[in-house]
Amino acid sequence: MTSSRSGQTDYVLQTEAISKHFGAVRAVDELTLAIPRQGTTSIVGPNGSGKSTLVNLLSGVLPLDGGMVIIDGAGLRVVKAHETPDHGLTRTFQEVRLFDQITVWDNIMVVLTERRLFPALFERARPATRQKARDILEQVGMWDKRDSLAQDLSYGQRKLVEIGRALAMNVNTYLMDEPFAGLFPQMIERVKAIMKQMRTDGHTIVFISHNMEIVRELSDRIIVLDSGALLAAGEVEPVLNSEEVIEAYLGA
Amino acid sequence: MSSQRETARGFPARFNIPGTRVLALVLATAVVAYLAWKIGQSPPQALQFAFNGIAVGAVYALLAMGFTLVYSTVWFFDLYYGAAAALGAYGVFYLRTATALGSRADVNNVYVNAVFAAVVGGVVAWVLYTLLHPRLRGRFTPNTIGVASGLLGGGAGAYTGIVLAFPENLHLTLSPAIGVVVAAAAIVVPFWAVQTFVPNIRLSRFTAIAGLPAVVIGAWCGYLTAGAPGAGLYLSWAVSCLLAGCVGLALYRGLYMYMRERARSPLIMLVASLGILLAVAAFIVIVFEAAPRPLPTAFGSETWKIAGARIKGFNIFAIGVALAGFAILWLLLKQTSFGRAVRAIGDDEEVSKVVGINTTVIIAGVFFIGAMYAALAGILTGHDTAVQPRMGLLLLLKGWIASVVGGIGNLYGAIVGGFVLGVVEQFGIWDLAGEWKDAIAFVLLILFLSFWPQGLLPRR
Amino acid sequence: MPVDMQRIRELPALVRNPREMARHARSNVELWANILVIGGAIAFMLWQGAGFAVIVGTVFAIWAILSVSLNLVVGFTGLLSVGHIGFFGVGAYTMAILTSSPEYEQLRTEAIPTFGWPFFAALPVCALLAGLAAIIVGIVFNRFRDDIFVLVSFGFAIISFNVFLNWRAVTRGAFGIHEIARPEIGDWRFDGDVEFLLLCLAFLAVVMLISWFVVSSSFGRVLTAIREDEQAIEVFGYQATHYKLAVWVISAMMAGIAGGLFSSWTTFIDPNSFILLESVLLVAIVILGGLATIWGSLLGAMAFVLLEEGMRFIPFLPTEYIGQARQVVLGILLVLLMLFRPQGLVGRYRL
Ligand SMILES: Nc1ncnc2c1ncn2[C@@H]1O[C@H](COP(=O)(O)OP(=O)(O)OP(=O)(O)O)[C@@H](O)[C@H]1O
Ligand SMILES: [Mg+2]
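Heads up: these notes are all about the structure in this document. (Residues numbered from 1 in each chain as written. Chains lettered and ligands numbered in written order. Predicted model: local features only at pLDDT ≥ 70, side-chain atom pairs only at ≥ 80, totals over all residues. Heavy atoms only, no water.)

Re the interface of chain C and chain B
Here is step 1 of the chain: Counting from both sides, the interface comprises 41 residues of chain C and, opposite them, 50 residues of chain B.
Here is step 2 of the chain: If you sort the residues of chain C by the area they bury against chain B, Arg-143, Asp-147 and Leu-151 of chain C come out on top, with a joint share of 17%.
Here is step 3 of the chain: Here chain C and chain B share one salt bridge between them.
Here is step 4 of the chain: Across the pair Arg-168 of chain C and Glu-435 of chain B runs a salt bridge, and its minimum N-O distance is 3.7 Å.
Here is step 5 of the chain: One can count four residue pairs in polar contact (both at pLDDT 80 or more) joining chain C with chain B. (Contact = heavy atoms within 4.5 Å. Buried area = accessible area lost by both parts, 1.4 Å probe. Salt bridge = Lys/Arg side-chain N within 4 Å of Asp/Glu carboxyl O. Polar contact = N/O pair within 3.5 Å; in protein donor to acceptor, adjacent residues only side chain to side chain.)

Rendered as structure tokens:
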């Protein structure tokens, strides 16, 4: 666990003037922000304001065009996706990216097993690992579905499995890209409960949402993006009530 | 499928290890410098290689143009494209073998003719139906239109059967068709020209004026053709191009269209078309032989000497064909509404459907044109060297490489890539044996994919 | 057998409802595929007698080793490689050169290097050299996916064929290499066809065992995840390129073994055994049998061999067209599979 180094800095994630351009579109533009350790931070912003792109940059899914990401005190100009778990970071995807043609069970198991090549070749599932996978599937309520292929699940179920997969990583920081979008109210409650549990367990959660009620309920801090730039950041209520934010949301 | 470009996601990003790019540049410079030195050593030989390179490059450019057209519209690698090249070349062989090569009795095969006649009949019926239905919907019931197009299609099929059954008399059997086509062209082309000056002239009124002379011109052309047995070879080119195009169109309409609706990934389409390529290649071996066979000599087989290098007149003709092919495709894609529709479908098929483009018809047209270009390239290769059943796959791969080198999805890229590939291949074998040509082409491909995945001229 | 009245009563309704019928049929495709292919194989053996079956069995075993190994790459990792024949060729040429006897080679005009090794010493080298080639090729190819991977793997098949054909100092080009040694242990030579069949089957068993070991491990699970979404699995801490390279090399080494067996069995090889077409047929076998199952590859190879042998008995088909006719059938089968069953007969992964 990397929490032993938590004395180093108060921020689990920082960015320094990071940018990402798609042709003429400046999806993220010289963005500098900091996300404190522990607690829940939400990122909001209109469609296309670069929230997902930001998460993709932080998790190494997209290469940076410029700037630096500081994860847990380590400054990185190139974020390698496969090294993010070493920095205590994992994520979910907005467009739910499960491993479609393998079972739900394997979807969870695959993140619990050995990373190194040769040990992985000689590793079979250990009882402890199985138990952990089972716990996680039960936590997200997908244990009954463990043997169906991920592609056969409904959208909401897929979303739950994906959250389970991120939980299975058991790291410090979770980036969740719209975990509530498209979910049935009951499912939303379940995800909320999971996130609250994670928070009390001392994990840092960063999530994107368009639902202001949920944002108000869950988050300790909020970051507002607009056209790839930081609009406001801080405590939830003051930020959400500030004029520029209201303008960006209603006037856009 | 939210974004069409997702399907092209096999394209890698550039190598971002800094050293490798420098290394590649250094190596490339070294190779170029070495070649420059060699060129300095013996300019005539270099000129010879350049000629050869441009000559094969013309064929590659043709292939790349058709290929890139199809690929950038439907975004899957259609391997039938290779079969079309082989079909084109073997079509000429099939049609001319009786008179020019000393006939093999069983070459003119009833079943083969029937297959092609059925394909042509089906395609003509479908095309007529889709063209006529929106225009005549008010006056006739769909059934009537369907039956009428079916009958006309059947007629076209029967006619194709007759043409294929008497290959030595192509000039006779095709002369009525040529008369009709010329007559139609003699009406439509002036009509377009007049339309630019008199915008609101009606086609029916124009026909009333220009109809008679057009028919006379058409009849005269038909008469000329009927009296010229020597035209058989060139008529057979047209016939086999049309056949390959029809097979391509029928494949799209009868198979790919349904498959694309269900396919999860472009790989499904690729494998299916691989199956078609396998079947067609084997079919060709069964009907003909596995051994390479020469096509009858076309014009321009004598060599000319230019500044110490030799070049065949036919090769210059091939270069001309490639340039003309480029010009036609350029006109078609950049100047017509068809071209705009193709472009729109390539950018986003769903949206184009929503805005009212008849995607089925447009894509069918694209497949038809693409297969014609492939067939033409196959024919040119066949005349230059020989026809062999394996040529399809090799030509396909060359077209593929040329379009990647030029920048996939870009028409200018295709013609540039074709010539570049041809020249590089030829200069590559200066110090190696000629058999390494294909290996050189693939090394070029891998270099491009690794360091310049966008190609020389990127799309857009 | 007790008659299931319920099923019988349902039958007319079933017949009237094509969709329902199709569903029933689909759920049984795997069963029928197994019954048909295995039944066909047994019937063929009974009919043709043991002697013929032994030869066909060897062909089957070599194709099966190849297709099991290719399935690791195509089915489990999702890299549609059409260049596998290159590694097969590397293995075959390694065996041919390492075991060729100096006495025989002296008589030839165009000499190639000779070593005179015994078969069992050369076989590991076949695997090693194929693996070495795979490392080099794999490092270059690792960055490509999907269609582009297919294209470059075509390229590998063509380049390797060019090397076999044109590197005359080592392969003697189109003339090929003759008199390749049969294996022997002490005094016991594997001269007879039965011995060779057993040897091939033994290696097939080993290859299947290794494949099973690989795919049932955590490593295998990661491979399937890479196949589904390479970028996502990277986020969870796996370096996909390493995994892809590893399985690519393992698969190539198995193909190298198959190549060694092949050249020792035929005792003569030339570049024509390693043309692109063979590679395409191999891909067809893997897809036909079923992606991402080891058993499926076996079934595919068996169906492929049976198809050829079965065609010998079609009355109107001249023998020289059998290979072509099989190719036509395979091509059409591929199209049908892609339409109706993209995972192949008993597959676990749809393209
Ligand atoms: N892969 C890509 N290629 C090209 N443009 C992209 C790509 N990904 C994102 N963009 C563009 O970048 C901008 C920001 O997109 P992003 O997905 O980050 O927005 P978002 O804030 O997550 O929006 P939403 O709330 O709709 O999810 C958009 O204009 C989008 O069109
Ligand atoms: Mg988003």
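Considerations on the site of ligand 1
Residue and element names in this part refer to chain A.
Here is step 1 of the chain: In the vicinity of ligand 1 there are 14 residues, among which Asn-47, Gly-48, Lys-51, Ser-52 and Thr-53 approach most closely.
Here is step 2 of the chain: Gly-50 is positioned such that a nitrogen or oxygen atom in its backbone is 3.0 Å from an oxygen atom of ligand 1.
Here is step 3 of the chain: Within the side chain of Thr-53, a nitrogen or oxygen atom sits 2.5 Å from an oxygen atom of ligand 1.
Here is step 4 of the chain: When the free accessible area of ligand 1 is taken as 630 Å², the share hidden by the protein chains comes to 61%.
Here is step 5 of the chain: Broken down by secondary-structure element, the contributors of at least two residues to the shell around ligand 1 are strand E2 (25-36) and helix H1 (51-58).
Here is step 6 of the chain: Here the shell around ligand 1 takes three residues from H1, the largest share from any one element.
Here is step 7 of the chain: A per-class count over the shell around ligand 1 returns four nonpolar, eight polar and two charged. (Near = heavy atom within 4 Å. Areas by Shrake-Rupley, 256 points an atom, 1.4 Å probe, with all protein chains shown as cover. Helix = DSSP H or I, 4+ residues; strand = E, 2+ residues; numbered from the N terminus. Nonpolar A, V, L, I, M, F, W, Y, C, P; charged D, E, K, R; others polar.)

A look at the coordination of the magnesium ion (ligand 2)
When a metal holds four donors in a tetrahedron, each ideal angle between them is 109.5 degrees; when it holds six in an octahedron, the ideal angles are 90 or 180 degrees.
Residues and elements named next belong to chain A.
Here is step 1 of the chain: The protein atoms that coordinate the magnesium ion (ligand 2) are Ser-52 (OG) and Gln-94 (OE1), at distances spanning 1.9 to 2.1 Å. Of the two residues, Ser-52 sits in helix H1 while Gln-94 sits in the loop between strand E6 (89-91) and helix H2 (104-112), which places them 42 residues apart along the sequence.
Here is step 2 of the chain: Overall, the relative accessible area of 32% leaves Gln-94 in the partly exposed class. (Donors = N, O, S within 2.8 Å, 3.2 Å for Na, K, Ca; no water. Buried < 20%, exposed > 50% of the residue type's maximum accessible area, 1.4 Å probe, protein only.)

Overview of empty space enclosed by the protein
Here is step 1 of the chain: One pass over the structure, following the stated rule, counts two cavities of 30 Å³ or more.
Here is step 2 of the chain: Counted as a void, the largest cavity has a volume near 180 Å³.
Here is step 3 of the chain: What lines the largest cavity is a set of 16 residues, among which Leu-87, Tyr-90, Gly-91, Tyr-94 and Phe-116 of chain B lie closest to the centre.
Here is step 4 of the chain: Among the residues forming the lining of the largest cavity, the class breakdown is 13 nonpolar, three polar and no charged.
Here is step 5 of the chain: Considering only enclosed or pocket space, the second largest cavity measures out at about 70 Å³ in volume.
Here is step 6 of the chain: Lining the second largest cavity, in full, are Leu-79, Gly-138, Phe-141, Asn-142, Phe-144, Phe-149, Lys-244, Leu-245 and Trp-248 of chain C.
Here is step 7 of the chain: Contributions of two or more residues to the lining of the second largest cavity are made by helix H7 (119-141) and helix H13 (240-266) of chain C.
Here is step 8 of the chain: In terms of residue class, the lining of the second largest cavity is built from six nonpolar, two polar and one charged. (1 Å grid on protein atoms, 1.4 Å probe; cavity = no way out; pocket = protein on both sides within 12 Å on 5 of 7 lines; lining within 4 Å. Points joined across faces, edges and corners; volume = space filled by probe spheres on them.)

Topic: the sheet that holds strand E3 (residues 39-44) of chain A
Residues and elements named next belong to chain A.
Here is step 1 of the chain: Reading across from one edge, E6-E7-E8-E3-E9-E10 is the order of the six strands in this open sheet, with mixed pairing throughout. Of all strands in the sheet, those bounded by a partner on one side alone are E6 and strand E10 (229-235). The sheet shows a mean angle of 15° between the axes of neighbouring strands, taken without regard to direction. (Pairing = 2+ DSSP bridges. Axes fitted to C-alpha atoms, helices over the stretch in contact; angles between N-to-C directions.)

Some thoughts on the packing of aromatic side chains
Here is step 1 of the chain: For the structure shown, the criterion picks out 50 aromatic pairs over all chains.
Here is step 2 of the chain: Taking the centre distance of 5.6 Å and the plane angle of 25° together, the rings of Phe-67 of chain B and Phe-77 of chain B count as stacked. Of this pair, Phe-67 of chain B sits in helix H2 (residues 43-74) while Phe-77 of chain B sits in the loop between H2 and helix H3 (80-100); the two residues are 10 residues apart in sequence, bridging distant segments of the chain. An identical accessibility class is assigned to Phe-67 of chain B and Phe-77 of chain B; each is buried.
Here is step 3 of the chain: For the ring pair Phe-87 of chain C and Trp-248 of chain C, a centre distance of 5.5 Å and an interplane angle of 85° mean the geometry is edge-to-face. Here the residue Phe-87 of chain C occupies a position in helix H5 (residues 84-99), and Trp-248 of chain C occupies one in helix H13, the gap between them amounting to 161 residues.
Here is step 4 of the chain: Among the residues examined, Phe-87 of chain C registers a relative accessible area of 0% and is labelled buried.
Here is step 5 of the chain: Residue Trp-248 of chain C is classed as buried on the basis of its relative accessible area of 5%.
Here is step 6 of the chain: Members of the aromatic cluster, connected to one another through ring pairs, are Phe-67, Tyr-71, Trp-75, Phe-77, Tyr-81 and Trp-400 of chain B together with Phe-154 of chain C.
Here is step 7 of the chain: A cation over an aromatic ring shows up here: Arg-124 of chain A above the ring of Trp-212 of chain C, its NZ or CZ 5.9 Å from the ring centre.
Here is step 8 of the chain: Its guanidinium or amino end placed over the ring of Phe-99 of chain A, Arg-165 of chain A lies 4.9 Å from that ring's centre, counting from NZ or CZ. (Phe/Tyr/Trp six-rings, centres within 6.5 Å; stacked < 30°, edge-to-face > 60°. Lys NZ or Arg CZ within 6 Å of the ring centre and 35° of its normal.)

Regarding the sheet that holds strand E5 (residues 74-76) of chain A
All names here are of chain A.
Here is step 1 of the chain: Reading across from one edge, E2-E1-E4-E5 is the order of the four strands in this open sheet, with antiparallel pairing throughout. Across the chains shown, the open sheet's two edge strands, defined by having one partner strand only, are E2 and E5. Strand-to-strand twist across the sheet, computed as the mean angle between neighbouring axes with direction ignored, equals 15°.
Here is step 2 of the chain: Note: strand E4 (residues 66-71) against E5, three bridges, orientation antiparallel. Bridge assignment links Ile-70 to a residue of E5, and that residue is Gly-75.

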